[in-house]
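Notes for the structure review
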Amino acid sequence: MTLVDAGPLVAILNRNDMGHHRCVKIVASLAAPLVTTWPAFTEAMYLVGQRGGWTAQEGLWRLVLRGTLVVHSLESGLLRRARELMRCYCDLPMDLADATLVAFAEAQRITRVFTLDKGFRVYRLHGRKAFDIVP
């Protein structure tokens, strides 16, 4: 299972994005489904809407409806952990989407993340283990 951040989702859906071709190629090589959290999905939906309007947003919905992308909800324990992570990484700063992705990865023992965000090179699972970053 591969966790996916908002950046690659935006790049996949926006042909004018610098990372579009690379992200499309990478996503084709990853085993489905990709997994994300509602805050990361919301961020991607906002960004693709800003760049491509409803057509791009519909593309993001299609990924979910086809089962290519699974969006997980967050129970209160994960939300508390996300808050702790945001406090821990406040000097970066860590945003809510990233915090929920890290908290979810810790809970599900997911180590691989598909991201364009350099913050994931700094974030550590349970404060120790680095992510396996794609690309």
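Up top is the structure.
Owing to the predicted nature of the structure, the values given are computational and were not obtained by experimental measurement.

When you go through the chain residue by residue, the secondary structure sums to five helices and seven strands. Each helix and strand of the chain, ordered N terminal to C terminal, gives the series β-α-α-β-α-β-α-α-β-β-β-β. A globule of 135 residues ought to have a C-alpha radius of gyration of about 14 Å, and the chain, at 14 Å, matches this closely. Taken over the C-alpha atoms alone, the chain extends approximately 35 × 30 × 25 Å along its principal axes.

Moving on to the environment of Leu79. Tracing the backbone through its elements, the reader meets Leu79 in helix 4 (residues 76-88). Taking C-alpha positions, Leu79 is 9.3 Å from Phe104, a pair spaced 25 residues apart along the chain.

Scanning all chains against the criterion turns up five aromatic pairs. With a centroid separation of 5.0 Å and an interplanar angle of 65°, the aromatic rings of Tyr89 and Tyr123 are classed as edge-to-face. Placement of Tyr89 in the loop between helix 4 and helix 5 (96-108) and of Tyr123 in the loop between strand 4 (112-114) and strand 5 (124-125) is noted, with a sequence separation of 34 residues between them. Given a relative accessible area of 10%, Tyr89 falls into the buried group.

This part takes up helix 1 (residues 6-13). Across the eight residues that make up helix 1, a large majority, six, are buried. Here helix 1 has its buried residues at Ala6, Pro8, Leu9, Val10, Ala11 and Ile12. Packing partners of the buried residues in helix 1 comprise strand 1 (2-4), helix 2 (20-29), helix 3 (38-65), strand 3 (69-72) and strand 4.

We now examine unusual backbone geometry. Here the bond from Leu92 into Pro93 is cis, since omega is -10°, no more than 30 degrees from zero. For Arg109, which is not glycine, the phi torsion reads 55° and is therefore positive. Following the sequence through the fold, Arg109 ends up in the loop between helix 5 and strand 4.

Rules of the game
Residues numbered from 1 in each chain as written. Predicted model: local features only at pLDDT ≥ 70, side-chain atom pairs only at ≥ 80, totals over all residues. Heavy atoms only, no water. Helix = DSSP H or I, 4+ residues; strand = E, 2+ residues; numbered from the N terminus. Rg over C-alpha atoms; globule rule 2.2 N^0.38 Å. Phe/Tyr/Trp six-rings, centres within 6.5 Å; stacked < 30°, edge-to-face > 60°. Buried < 20%, exposed > 50% of the residue type's maximum accessible area, 1.4 Å probe, protein only. Contact = heavy atoms within 4.5 Å.

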